[in-house]
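# A look at the structure
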Amino acid sequence: CVCVFNQTVHDCRIYCLKIQCSEEYPDKPPVVRFVSRVNMSCVDKNNGMVDSKAFSVLRQWTRNYSMETILSELRREMNSQTNRKLPQPPEGSEF
């Protein structure tokens, strides 16, 4: 789960997500999907999948990255100009 505190629409919300690693991890990036509904530019609004083309960590994946890198960058993305003011689904709603 990711918790965000930075005076954004994400303040004090807890978002749950799933990270699935294939046998090729850490050479290939994992698949990341939000379970909690969230409105972000890099998340598919229909199924919660994080778009690897729109999320730089997955797009530029190296084996030096970790799950912690993904979570930190998702939190940073939530605080970005693009996402910090987007209206959010009701808290507790899921895909």
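Note that the structure is a prediction, hence the values are computed from the model and not measured. (Residues numbered from 1 in each chain as written. Predicted model: local features only at pLDDT ≥ 70, side-chain atom pairs only at ≥ 80, totals over all residues. Heavy atoms only, no water.)

### A few points about the overall build of the protein
- A count of helices and strands for the protein gives two helices and four strands.
- Reading the protein from its N terminus to its C terminus gives the helix and strand order β-β-β-β-α-α.
- For 95 residues, the compact-globule estimate of 2.2 N^0.38 gives 12 Å, and the protein sits close to it at 13 Å.
- Overall, the C-alpha framework of the protein stretches about 35 × 25 × 20 Å when taken along its three principal axes. (Helix = DSSP H or I, 4+ residues; strand = E, 2+ residues; numbered from the N terminus. Rg over C-alpha atoms; globule rule 2.2 N^0.38 Å.)

### Some details on the pattern of salt bridges
- Applying the stated criterion to the full structure yields two salt bridges.
- The shortest N-O distance in the salt bridge between Asp 27 and Arg 63 comes to 2.8 Å. Here Asp 27, found in the loop between β3 (17-20) and β4 (31-34), pairs with Arg 63, found in the loop between α1 (56-59) and α2 (67-78); they are 36 residues apart in sequence, far enough to count as distant.
- Close ionic contact of Arg 76 with Glu 73 constitutes a salt bridge, the shortest N to O distance being 2.8 Å. Placement of the pair is Arg 76 and Glu 73 together in helix α2, with a separation of three residues, close to one helical turn.
- According to the relative accessible area criterion, Arg 76 is partly exposed, its value standing at 46%. (Salt bridge = Lys/Arg side-chain N within 4 Å of Asp/Glu carboxyl O. Buried < 20%, exposed > 50% of the residue type's maximum accessible area, 1.4 Å probe, protein only.)

### Considering the packing of aromatic side chains
- Counted by the stated rule, this structure contains three aromatic pairs.
- Look at Tyr 15 and Phe 34: their rings are 6.3 Å apart centre to centre, the planes differ by 85°, and that puts the pair in the edge-to-face class. Of this pair, Tyr 15 sits in strand β2 (residues 13-15) while Phe 34 sits in strand β4, placing them 19 residues apart in sequence. For the pair Tyr 15 and Phe 34, one class covers both residues: buried.
- Their ring planes at 80° and their centres at 5.6 Å tell us that Trp 61 and Tyr 65 sit as a pair that is edge-to-face.
- Using a relative accessible area of 27% as the deciding quantity, one classes Tyr 65 as partly exposed.
- In this structure an aromatic cluster arises from ring pairing among Tyr 25, Trp 61 and Tyr 65. (Phe/Tyr/Trp six-rings, centres within 6.5 Å; stacked < 30°, edge-to-face > 60°.)

### Examining the confidence of the model for the protein
- Per-residue confidence for the protein gives a mean pLDDT of 92; residues scoring 70 or more make up 94%.
- β4 holds the highest mean pLDDT among the elements of the protein, 98, whereas strand β1 (residues 2-4) holds the lowest, 59. (pLDDT = per-residue confidence, 0-100.)

### Overview of the environment of Glu 24
- As for its position among the elements, Glu 24 is in the loop between β3 and β4.
- The spacing of Glu 24 and Val 57 is 33 residues in sequence and 17 Å in space, taken between C-alpha atoms.

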